Amino acid sequence: MDKDIATPIRTRAILEKYGFSFKKSLGQNFLIDPNILKKIVSFAELDKNSGAIEIGPGIGALTEQLARTSKKVVAFEIDQRLLPILNDTLSPYSNIKIIHHDVLKADVKTVMQEEFAEVSDVMVVANLPYYVTTPIIMKLLEDQLPIRGIVCMLQKEVADRISARPGTKDYGSLSIAIQYYTEAETVMIVPKTVFMPQPNVDSAVIRLTKRNRPAVAVIDERFFFQVTKASFAQRRKTLLNNLTSQLPEGKQKKEDILRALQVSEIDPTRRGETLSLQEFATLSDELYPYFH
Ligand code: SAM
């Protein structure tokens, strides 16, 4: 087996060979610890029939580990300067396809149809660029891709919010949006020292396992998310206050909102962070007729 790309010595040699300089604006913090990479891959539970999608391969540190454990890897990289490097570092592997594209603008579903005809399941595995972690995760979930789940490295603070449970300070509309589609868990906390250059914040790995159907059934998904966002607009305000000030014409519809809360058996003085997904679902369904 070839030497790992991710050892500090080899990473430095590759960067030097190509005169590569990190772009902070693209969230370029490369992993330089093969053991951490192998652990990330193990959380994805891939086998030789699986497909893997990577976002931001960098110089290929994670990509090669994925290539060794799965049938095929498709990786989206935005930075053109990395393409010749990847072409070189990943040359020992024949089961990798690099796509030069901003993943946020890519048609991932069509790429999956074209590239993953012969795999049994697909996981997204990535060390995400920290400036766009939430938009990337939300896009992958909202696009309703036929994936089994996502294992990714991101800022610990965002990981805490994503996997937060009701009643905790981190629980908010992001927790709800992601837990609506997936079962979310933080599986590893990662020190800054395993990155080059080191990021300013602590990191964590989360695993999102897609649910067969959303966690709760609602009349209108978009309205459900609108209600949850409105409920957390100002965390110290009561649910009633946030809903009246955030929902369209909420102030005029205060009586309707109070009625919906009453039918849902939710005290209007509660705060958004105390409501479970099911309570938000009930509430948004009760509010729905008043706003449509
Ligand atoms: N996977 C490598 C590793 O673990 O060492 C690099 C991870 S680095 C945190 C993030 C990578 O994402 C960089 O290679 C960066 O150029 C790339 N990137 C940033 N924004 C992107 C986007 N919108 N679409 C695709 N790739 C992006």
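A look at the pairing of strand β6 (residues 149–155)
Among the 7 residues in β6, 7 count as buried, and that is most of the element. Two strands pair when backbone bridges link them, and strand β5 (residues 122–127) and β6 are joined in this way by 5 bridges, in the parallel orientation. Each residue of the ladder has a partner; that of N127, found in β6, is M153. Between the parallel pair β5 and β6, the chain is carried across by helix α6 (residues 133–142), and the sense of this crossover is right-handed.

Looking at the environment of V216
Structurally, V216 is set in the loop between β9 (203–210) and α9 (221–231). We classify V216 as buried; its relative accessible area is 7%. Beyond its immediate stretch of four places on either side in the chain, V216 contacts Y180, F224, L277, Q278 and A281.

Considering the packing of helix α8 (residues 173–181) against α9
Interhelical geometry of α8 versus α9 gives an angle of 150 degrees and a closest axis separation of 9 Å. Between α8 and α9, the angle is such that the two are roughly antiparallel. The element α8 and its partner α9 pack so that their crossing is right-handed. Counting all contacts with α8, which are made through S173, I176, A177, Y180 and Y181, the residues of α9 involved are E221, F224, F225, T228 and K229. In terms of residue class, the contact of α8 with α9 is made up of 6 nonpolar, 2 polar and 2 charged.

Side note on the packing of aromatic side chains
Scanning the entire structure with this criterion turns up 12 aromatic pairs. Both rings, one in F20 and one in F22, keep their centres 5.8 Å apart while their planes meet at 90 degrees; by these two values the pair is edge-to-face. Under the relative-accessibility criterion, F22 is labelled partly exposed at 29%. Judged by centre distance (5.8 Å) and plane angle (35 degrees), the rings of F223 and F291 are tilted. Pair noted here: F223 is in helix α9 and F291 is in the segment after α12 (277–287), with a separation of 68 residues, a long-range link. Here F223 and F291 have matching classes, each one buried. Ring-pair connections join several aromatic residues into one group, and the members of that group are Y180, Y181, F224 and F225. Of note, K253 hangs over the ring of F291, and the distance from its end group to the ring centre comes to 4.5 Å.

Some remarks on the pattern of salt bridges
Counting across every chain of the model gives 17 salt bridges. Two residues, E157 and R161, come together in a salt bridge whose shortest N-O distance is 3.0 Å. A residue pair is termed a helical-turn pair when its members lie 3 or 4 positions apart in one helix, as E157 and R161 do in helix α7 (residues 156–162) at 4 residues. Look at R161 and you get partly exposed, because its relative accessible area is 30%. A salt bridge links R207 to E185; the shortest N-O distance between them is 2.9 Å. One end of the pair, R207, is in strand β9; the other, E185, is in strand β7 (residues 182–190), and 22 residues separate them in sequence. Relative accessible area serves as the criterion here: at 17%, R207 is assigned to the buried category. One salt-bridge network, held together by shared partners, links D4, K38, E64 and R68.

Considerations on the pairing of strand β2 (residues 51–55)
Counted residue by residue, β2 has 5 buried out of 5 residues, so it is predominantly covered. The alternating pattern of β2 places G51, I53 and I55 on one face and A52 and E54 on the opposite face, and all of these are buried. Sheet topology note: the β2/strand β3 (residues 72–77) ladder contains 5 bridges and is parallel. Paired with I55 across the two strands is F76, which belongs to β3. With helix α3 (residues 61–69) bridging β2 and its parallel neighbour β3, the resulting β-α-β unit is right-handed. Pairing between β2 and β5: 3 bridges, direction parallel.

Calculation criteria
Residues numbered from 1 in each chain as written. Predicted model: local features only at pLDDT ≥ 70, side-chain atom pairs only at ≥ 80, totals over all residues. Heavy atoms only, no water. Buried < 20%, exposed > 50% of the residue type's maximum accessible area, 1.4 Å probe, protein only. Helix = DSSP H or I, 4+ residues; strand = E, 2+ residues; numbered from the N terminus. Pairing = 2+ DSSP bridges. Right-handed = clockwise from strand over helix to strand, strands pointing away. Contact = heavy atoms within 4.5 Å. Axes fitted to C-alpha atoms, helices over the stretch in contact; angles between N-to-C directions. Parallel < 35°, antiparallel > 145°, perpendicular 65-115°, else oblique. Left-handed = near helix turned anticlockwise from the far one by under 90°. Nonpolar A, V, L, I, M, F, W, Y, C, P; charged D, E, K, R; others polar. Phe/Tyr/Trp six-rings, centres within 6.5 Å; stacked < 30°, edge-to-face > 60°. Lys NZ or Arg CZ within 6 Å of the ring centre and 35° of its normal. Salt bridge = Lys/Arg side-chain N within 4 Å of Asp/Glu carboxyl O.

In short, the description is geometric, and any link to function would need to be established separately.
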